[in-house]
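Residue-level structure breakdown
Take a look at the letters that make up each chain.
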Amino acid sequence: MTIREHQTVSQISRRDALKLGLAAGVGLTMFGMSARVVMAEEGQVLKAINPAFDQDWSPLRGGGRTFRWNSFWWASPMYFDTEGKLQPYVFTSWESSDNKVWTFKIDPKAVFSDGSKITSADVKGSWEVASMPNTKSQRADQVLSKVQGYKEIGAGSGTELTGVATPDEGTVTVTLTQADPIFFMRLANHIIPVTKASQSRGSDGEEIADWYKPDNNAVYSGPFKLTSIDIDAGTLTFEPNENFFGAKPKLARIEISSIEDNVTATSLINSGEYNVHTELVTSTIIQDLGPEFSAGPIIPTSQHFWFNTSRAPMNDPKVRQALIMAVDRDGLFKASYPDGPHKKADQILNSVPGADGSGFEPYPFDPEGAKKLLAESSYGGPERLPKIMFVGVSAPAIQAAAQFIAEQWRQNLGITAVDMKPQQDAYAGPDQNSVQIFRDDVGTRVPDAVSYLAGSIASTSSNAQNKLGGYKNDKVDSLLAEAATKAADDPQRVKLAQEAQKAFRDDWVFIPWYSQAMSRWATKEVKGMEKNLDWQVVAPWDISIGQA
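In short, a report on the structure.

1. Focus on empty space enclosed by the protein
- Summed over all chains, the structure comprises 2 cavities of 30 Å³ or more.
- In this structure, the largest cavity occupies an estimated 60 Å³ of space.
- Looking at the largest cavity, the residues that line it are Arg68, Trp69, Phe72, Val276, His277, Thr278, Met529, Lys531, Trp535 and Val537.
- Forming the boundary of the second largest cavity are Ala52, Phe53, Asp54, Trp57, Ile229, Asp230, Ile231, Gly234, Thr235, Leu236 and Ser258.
- Split into classes, the residues belonging to the lining of the second largest cavity amount to 6 nonpolar, 3 polar and 2 charged.

Take a look at the structure:
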């Protein structure tokens, strides 16, 4: 019997289910007493809920739900701690004299779970297999796009990163296609973890199917190793890697179960039967599970509502301005996350140098001014506007926000024709070409304002090309291009990025929503579950339950 067979519980309202103490009954029925979170005889057991029956747990996908567990079983080159400070991991040092050729040294103690040494060939092979198009890594380009040979692999004309040399087993030398002052920061994440290349990559250069599963004698580089996986049942078990080259893990075991319904998941956590979730997004999360569950540092990621400027009526600047000025954004934030853990956003930049005091003037809430602008627009008022459609309106908190915006437009502008769809990137419904508003996040994996904006508002960014309908502002592009040539510690790098964001403001193409907290998604009894700006658990070896 799988958990999915019990989804009828979702027919009960969320609050009613919790009031009825659904957790105890459901939990005991589904899992039995042995499933309750306990201090197991052999030590501490972390019991986690994954919100879907994911079929692919390869650590090389670079994104998705399963990616968020990468740091438990895979080591990364370096990592950022919760304060955004760079820390060594597999790489102990990095240097470059010209920002184009970089040299990295591997920790001589670094080994896989079978005790074999992690070598420069393993690093190079891991990067190469992640770069192959068939691997379908969602974000390998964020790490390696400037490495010589990467574009050729993507184009299908190569299988090797020609810019990566391995002069000895402890040294990796990387040559870029152009100088990048912050290239070393781009490696500090688990987007492309270090794998044993002979296991993950075949002779044809492609990823070997299911290479990471225990049945294939896989070895692991992180603090835990995968000991069992049942895709159909949606369960996985991890145990400590006794040969891990870092600190000894405190947990005895990690058990992941797939539970799709948020009400059921909340109830099971509330009852103590589980204590961690991959990502639980509800507007009542704090009331349900306490502030500690979703607490975490604000990271350089933010959620907004983006206007597609190529589609009517968003191709009229006065309409865009009216729609933004008609929304009380304080009310918008309270409607979606009244108790946090996130923080209301007035601009794109947050949690990077230059975010504070950027000179970006927040958009005003001015219903009368908005009404006047709409009257002056090419539509003359609400009656002639086409239906306005949102996509990316899925989780309860997002629905609450979108509905608040629509209600503000109804009250302040008289707009009533608004529709909302849950699909995110590629809405495929009959009105696909009429969607004008995309709810989505933007952010950066490095603490850098230029990287943040280059992926958000530069004309080359996916956000500008897809969500903003081919947005292009030459001044924005020029300022960001110049900023990218400055060293990480050059004040001009930040100043130019701030000027680019101010230029973007004047185009009125988004409704700012919130700056994102990297939530723990763990009960207060779980210690050490803090994550960095890239969903990487900072020190998974240090996680414990209770007083340990």
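2. Re the pattern of salt bridges
- This model, assessed by the stated rule, comprises 32 salt bridges.
- A salt bridge links Asp330 to Lys344; its shortest N-O distance comes to 3.4 Å. Residue Asp330 is located in helix H14 (residues 329-336), and its partner Lys344 is located in strand E14 (residues 343-344); the two are separated by 14 residues in the primary sequence.
- Residues joined in a network through salt bridges with shared partners are Lys124, Glu128, Glu160 and Arg201.

3. Concerning the environment of Val538
- You can see Val538 is positioned in the loop between strand E19 (526-527) and strand E20 (544-545).
- Residue classification places Val538 among the buried residues on the basis of a relative accessible area of 13%.

4. A look at the nonpolar core
- Of all hydrophobic cores here, the largest spans 89 residues; its most connected members are Phe72, Phe91, Phe104, Trp127 and Val172.
- The leading source of residues in this core is helix H5 (residues 120-131), at 4 residues.
- The contact partners of Trp127, leaving out residues within four places of it in the chain, are Phe91, Leu144, Leu161, Val164, Val172, Val174, Leu187 and Ile192.
- Core analysis: the second largest hydrophobic core is formed by 64 residues, Val319, Phe360, Ala503 and Ile511 among them.

Here is what the cut-offs are and how they apply
- Residues numbered from 1 in each chain as written.
- Predicted model: local features only at pLDDT ≥ 70, side-chain atom pairs only at ≥ 80, totals over all residues.
- Heavy atoms only, no water.
- 1 Å grid on protein atoms, 1.4 Å probe; cavity = no way out; pocket = protein on both sides within 12 Å on 5 of 7 lines; lining within 4 Å.
- Points joined across faces, edges and corners; volume = space filled by probe spheres on them.
- Nonpolar A, V, L, I, M, F, W, Y, C, P; charged D, E, K, R; others polar.
- Salt bridge = Lys/Arg side-chain N within 4 Å of Asp/Glu carboxyl O.
- Helix = DSSP H or I, 4+ residues; strand = E, 2+ residues; numbered from the N terminus.
- Buried < 20%, exposed > 50% of the residue type's maximum accessible area, 1.4 Å probe, protein only.
- Core = buried A, V, L, I, M, F, W, Y, C linked by side-chain atoms within 4.5 Å.
- Contact = heavy atoms within 4.5 Å.

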